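Breakdown of the fold
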Amino acid sequence: VQLQASGGGLVQAGGSLRLSCAASGRTFSSYAMGWFRQAPGKEREFVAAISWSGGSIYYSDSVKGRFTISRDNAKNTVYLQMNSLKPEDTAVYYCAATGGGSGYYTVYPDEYDYWGQGTLVTVSS
């Protein structure tokens, strides 16, 4: 699976962005997907994850209530809708894919098999 993240950019605090992650290959629907981010000088951190069925979703506490992860298996794409953005959301955002059962997802980056190249989100105050 090859992943291509897009949708990053510069936005003011309180604004919104929607990230997309397009996957190649015919087995996208069998992969759980996750979004991670890495700010300058910090470790990569978990943001959100969704099972391949879409029935299981999990968010980090820092984005819960503001971000929404979703997927369209027909379009081989996973999305991250980001609302009420804060300067501390500034980071490079990565999408990742991993196999598993219908309800499986994981918050651990080491458990993901495939990664996109990242898209930069900058939130100005």
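Structural data are supplied above this passage.
Overview of the structure.

What follows concerns the state of the cysteines. One pass over the structure, following the stated rule, counts one disulfide. Shown here is the disulfide that connects Cys21 with Cys95, its sulfur atoms set 2.1 Å apart. Between Cys21 and Cys95 the sulfur-sulfur dihedral comes to about 65 degrees; the bridge is accordingly right-handed. Highlighted residues: Cys21 in strand β3 (residues 17–23) and Cys95 in strand β9 (residues 91–99), separated in sequence by 74 residues.

Another point: the pairing of strand β5 (residues 45–50). With five of its six residues buried, β5 lies for the most part within the structure. Pairing geometry for strand β4 (residues 31–38) and β5, over five bridges, is antiparallel. What sits directly across from Met33, in β5, is Ile50. Connecting β4 to the next strand, β5, in antiparallel fashion are six residues, including Gly41 with a positive phi near 80 degrees.

Quick look at the nonpolar core now. Ranked by internal contacts, the top residues of the largest apolar core, which has 29 residues, are Met33, Trp35, Leu80, Met82 and Tyr93. Where this core is concerned, the elements lending two or more residues are β1 (3–6), β3, β4, β5, β7 (67–72), β8 (77–82), β9 and β11 (119–124). If sequence neighbours within four positions are ignored, Tyr93 has contacts with Leu19, Trp35, Phe36, Arg37, Val47, Phe67, Leu80, Met82, Gly118, Thr119 and Val121. Ranked by size, the runner-up nonpolar core spans five residues in total, among them Phe36, Ala49, Ala96 and Tyr112.

Parameters and conventions
- Residues numbered from 1 in each chain as written.
- Predicted model: local features only at pLDDT ≥ 70, side-chain atom pairs only at ≥ 80, totals over all residues.
- Heavy atoms only, no water.
- Disulfide = S-S within 2.5 Å.
- Helix = DSSP H or I, 4+ residues; strand = E, 2+ residues; numbered from the N terminus.
- Buried < 20%, exposed > 50% of the residue type's maximum accessible area, 1.4 Å probe, protein only.
- Pairing = 2+ DSSP bridges.
- Core = buried A, V, L, I, M, F, W, Y, C linked by side-chain atoms within 4.5 Å.
- Contact = heavy atoms within 4.5 Å.

Interpretation note: all reported values are geometric properties and have no functional meaning in isolation.
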